[in-house]
Amino acid sequence: MIPTITAFERSPDRGRGLARDMRVRWALEEVGQPYDVRLLSFSAMKESAHRALSPFGQIPTYEEGDLALFESGAIVFHIAQCHPGLLPDEANARARAIAWMFAALNTVEPPIFDRSLTFLFERDKPWYGERMASLEDRVRVRLSELSSRLGEADWLDGAFSAGDLLMVTVLRRLGGSGLVENHANLSAYVARGEARPAYKRAFDAQLAVFNAPSSTG
Ligand SMILES: N[C@@H](CCC(=O)N[C@@H](CS)C(=O)NCC(=O)O)C(=O)O
């Protein structure tokens with residue numbers, strides 16, 4: 001059965017692949033699972049039909065037969081559980097890869113996402129400079145810790161896993177800030193993720209949506 005995911009009809013990131021459908025697309029491409037995409041306007045995301053799938057009126061969602069999921073991490077986890085390739089078979093290695101999935105979304109993403117929100121929506125506030133400095137300090141600490149753990153390895157724990165997939169998508173949100181570039185191993189890690197053929201297919205697919213003539217102008 002071909003799953004259907006949802007994505008922005010017009011992504012505010014202008015095709016840079018920062019919206020969270022990107023990680024779901026990438027996971028599906030990694031495991032070779034074809035998928036359909038239903039594109040949503042910002043208003044459609046808040047209507048009851050979509051809220052039945054996503055209580056918070058957000059993308060991405062995932063529908064496959066009787067199953068409807070929201071939360072990109074849960075969706076990537078489901079894909080990784082249903083197909084080989086994104087989680088190791090050995091039980092302890094699998095548990096560690098899942099720990100990295102949580103670390104990406106629960107420990108590394110929050111300060112990075114807060115920084116993005118502040119940069120996008122709070123630049124006119126009198127306290128912007130102070131707030132940004134404090135958020136960037138928090139991001140720097142996390143990156144430094146992550147860099148120490150990664151060391152010279154290609155991936156966070158052995159072979160590429162769903163943990164790496166999520167971590168790379170989280171770090172990409174810092175593109176242009178120079179923060180990742182302070183750590184050569186993290187820059188190389190992100191580049192390694194972006195060089196994967198499955199990543200490229202997912203990126204091109206979301207970019208094609210942005211470049212397509214829009215029905216809403
Ligand atoms: N924790 C959720 C966050 C989902 C999320 O924030 N989606 C964004 C796009 S990346 C969205 O729909 N934003 C519009 C909104 O919240 O109204 C996940 O990982 O799926």
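Bear in mind that the values here come from a model prediction, so they are computed numbers and not experimental data.

What counts and how
Residues numbered from 1 in each chain as written. Predicted model: local features only at pLDDT ≥ 70, side-chain atom pairs only at ≥ 80, totals over all residues. Heavy atoms only, no water. 1 Å grid on protein atoms, 1.4 Å probe; cavity = no way out; pocket = protein on both sides within 12 Å on 5 of 7 lines; lining within 4 Å. Points joined across faces, edges and corners; volume = space filled by probe spheres on them. Helix = DSSP H or I, 4+ residues; strand = E, 2+ residues; numbered from the N terminus. Nonpolar A, V, L, I, M, F, W, Y, C, P; charged D, E, K, R; others polar. Pairing = 2+ DSSP bridges.

### Considering empty space enclosed by the protein
Here comes step 1: Evaluated as defined, the whole model comprises 2 cavities of 30 Å³ or more.
Here comes step 2: There is about 90 Å³ of room inside the largest cavity.
Here comes step 3: Broken down by secondary-structure element, the contributors of at least two residues to the lining of the largest cavity are strand 1 (4–8), helix 1 (21–31) and helix 9 (197–211).
Here comes step 4: Residue classes in the lining of the largest cavity are distributed as 6 nonpolar, 3 polar and 2 charged.
Here comes step 5: The calculated volume of the second largest cavity comes to roughly 70 Å³.
Here comes step 6: Lining of the second largest cavity is provided by Gly17, Leu18, Ala19, Arg20, Met22, Arg23, Glu109, Thr169, Val170, Arg172, Arg173 and Tyr199.
Here comes step 7: The set of elements that each furnish at least two residues to the lining of the second largest cavity consists of helix 1 and helix 7 (162–172).
Here comes step 8: Here the lining of the second largest cavity takes 3 residues from helix 7, the largest share from any one element.
Here comes step 9: When grouped by side-chain class, the residues that make up the lining of the second largest cavity number 5 nonpolar, 2 polar and 5 charged.

### Let's talk about the pairing of strand 4 (residues 67–70)
Here comes step 1: Bridge analysis of strand 3 (residues 61–64) against strand 4 gives 4 bridges, and the strand direction is antiparallel. By the bridge assignment for strand 4, Tyr62 is matched with Leu69.
Here comes step 2: Linking strand 3 to strand 4, which pair antiparallel, is a turn of 2 residues; within it Gly65 sits at a positive phi near 60°.

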